[in-house]
Amino acid sequence: MFEVTVSGDLQAQFQELRDILSSASTEAILRDVGRVVGEEVISLIGEYPPASGNELPLYYTRVDAKGRSYKSKFKSLRQQRRVFALIREGKVPYRRTGTLGKSLTWDIESSSAERVVVVVGTNIPYGPLVYDEERQSHYHRGTWTPIQVTIRDNLPALAEVAGAELARHIREQMMGHS
């Protein structure tokens, strides 16, 4: 989890605004800030990297019918059969569809008058194998940047985006309460 915070004058101005507005109004402002930050994270993830062209490493240890261990590119006989079926159907080499990139989304997990929690990710079952820092498959490491790395590397920029959106709301509200 990462925290994007605003500080200094902006934080003091927001505190003044919280004293004027209802909790519901303040929460609505923070939800709007969260929306802008969530959209910014999605835009930072960017385009698919070029295909690595890496060969799959001989990574899995399997056991044959006689109990002997051997290395395989396939986790199981079932997976091996499925890959060869796809080859017979003409579906290999794999063509990128963009489905994973289109599935990237953000949502507000929780909010209050003091903070908003935004989550970013994908609901595609294999998404974590590509985009999650801890669960990324060996094949994708070094080619695909995990979402957590994108966020961590861009925390100052995300704080600026959050601050600009919050400042916009503060200006709007102060004009309305003058």
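In what follows, the structure referred to is the one given above.
Conventions we followed
Residues numbered from 1 in each chain as written. Predicted model: local features only at pLDDT ≥ 70, side-chain atom pairs only at ≥ 80, totals over all residues. Heavy atoms only, no water. Helix = DSSP H or I, 4+ residues; strand = E, 2+ residues; numbered from the N terminus. Rg over C-alpha atoms; globule rule 2.2 N^0.38 Å. Buried < 20%, exposed > 50% of the residue type's maximum accessible area, 1.4 Å probe, protein only. Contact = heavy atoms within 4.5 Å. Areas by Shrake-Rupley, 256 points an atom, 1.4 Å probe, with all protein chains shown as cover. 1 Å grid on protein atoms, 1.4 Å probe; cavity = no way out; pocket = protein on both sides within 12 Å on 5 of 7 lines; lining within 4 Å. Points joined across faces, edges and corners; volume = space filled by probe spheres on them. Nonpolar A, V, L, I, M, F, W, Y, C, P; charged D, E, K, R; others polar. Axes fitted to C-alpha atoms, helices over the stretch in contact; angles between N-to-C directions. Parallel < 35°, antiparallel > 145°, perpendicular 65-115°, else oblique. Core = buried A, V, L, I, M, F, W, Y, C linked by side-chain atoms within 4.5 Å. Salt bridge = Lys/Arg side-chain N within 4 Å of Asp/Glu carboxyl O.

Chemist: So what exactly am I meant to see when it comes to the overall build of the protein chain here?
Modeler: Across its full length, the protein chain holds seven helices and four strands. Listing each helix as α and each strand as β along the protein chain from the N terminus yields α-α-β-β-α-α-β-β-α-α-α. The C-alpha atoms of the protein chain give 23 Å as radius of gyration, which overshoots the globular expectation for 178 residues (16 Å, by more than 25%). Reported as C-alpha extents along the three principal axes, the dimensions of the protein chain are approximately 80 × 30 × 25 Å. Within the protein chain, the proportion of its 178 residues that are buried is 29%. Long-range contacts, defined as pairs at least 24 residues apart, comprise 57% of the intrachain contacts of the protein chain with a sequence gap of at least 6. Surface accessibility of the protein chain: about 12000 Å² in total, with carbon and sulfur atoms responsible for 52%.

Chemist: Even after reading the chapter, I still don't get the layout of surface pockets, so can you show me in this structure?
Modeler: Rolling a probe over the atoms, with the probe sized like a water molecule, indicates the empty space that remains. Approximately 1100 Å³ is the volume attributed to the second largest pocket. Taken together, 36 residues form the lining of the second largest pocket, with Phe2, Glu3, Val4, Val116 and Val118 sitting closest to its centre. Contributions of two or more residues to the lining of the second largest pocket are made by α1 (9-20), α2 (23-45), β4 (116-121), α5 (127-131), α6 (147-153) and α7 (155-176). In terms of residue count, β4 provides more of the lining of the second largest pocket than any other element does, six residues in total. The residue inventory of the lining of the second largest pocket, partitioned by class, reads 21 nonpolar, eight polar and seven charged.

Chemist: I'm lost on the packing of α1 against α2 in this one. Help?
Modeler: The relative placement of two packed helices comes down to the angle between their axes together with the axis-to-axis distance. Contact geometry for α1 and α2: axes closest at 8 Å, N-to-C directions at 140 degrees. Classed by the angle they form, the pair α1 and α2 counts as oblique. Contacts between α1 and α2 involve Phe14, Leu17 and Arg18 from the former and Thr26, Ile29 and Leu30 from the latter. Residue composition of the contact of α1 with α2, grouped by class: four nonpolar, one polar and one charged.

Chemist: How should the nonpolar core be read in this particular structure?
Modeler: Soluble, globular proteins show a tendency: their nonpolar side chains are buried together. Ranked by internal contacts, the top residues of the largest apolar core, which has 23 residues, are Phe14, Tyr131 and Leu166. Contributing elements (two or more residues each) for this core: α1, α2, α5, α6 and α7. At six residues, α2 tops the list of elements feeding residues into this core. Aside from chain neighbours lying at most four places away, what touches tyrosine 131 is Ile45, Tyr48, Leu100, Leu104, Trp144, Thr145, Pro146, Ile147 and Gln148.

Chemist: Help me understand the pattern of salt bridges, please; the structure alone is not making it clear to me.
Modeler: One side chain can pair with another of opposite charge once the charged atoms of both are near each other. One pass over the full model with this rule turns up nine salt bridges. A salt bridge links aspartate 32 to arginine 168; the nearest nitrogen and oxygen atoms lie 3.4 Å apart. Taken together, the residues span a long stretch of sequence, with aspartate 32 in helix α2 and arginine 168 in helix α7 at a distance of 136 residues. Aspartate 32 sits in the buried class, given a relative accessible area of 18%. Residue arginine 168 is classed as partly exposed on the basis of its relative accessible area of 29%. Across the salt bridge formed by arginine 152 and glutamate 133, the nearest N and O atoms sit 2.6 Å from each other. Placement of arginine 152 in helix α6 and of glutamate 133 in the loop between α5 and α6 is noted, with a sequence separation of 19 residues between them. Taking relative accessible area as the criterion, arginine 152 reaches 36% and is therefore assigned partly exposed.

That's the geometry; what it means functionally is another story.
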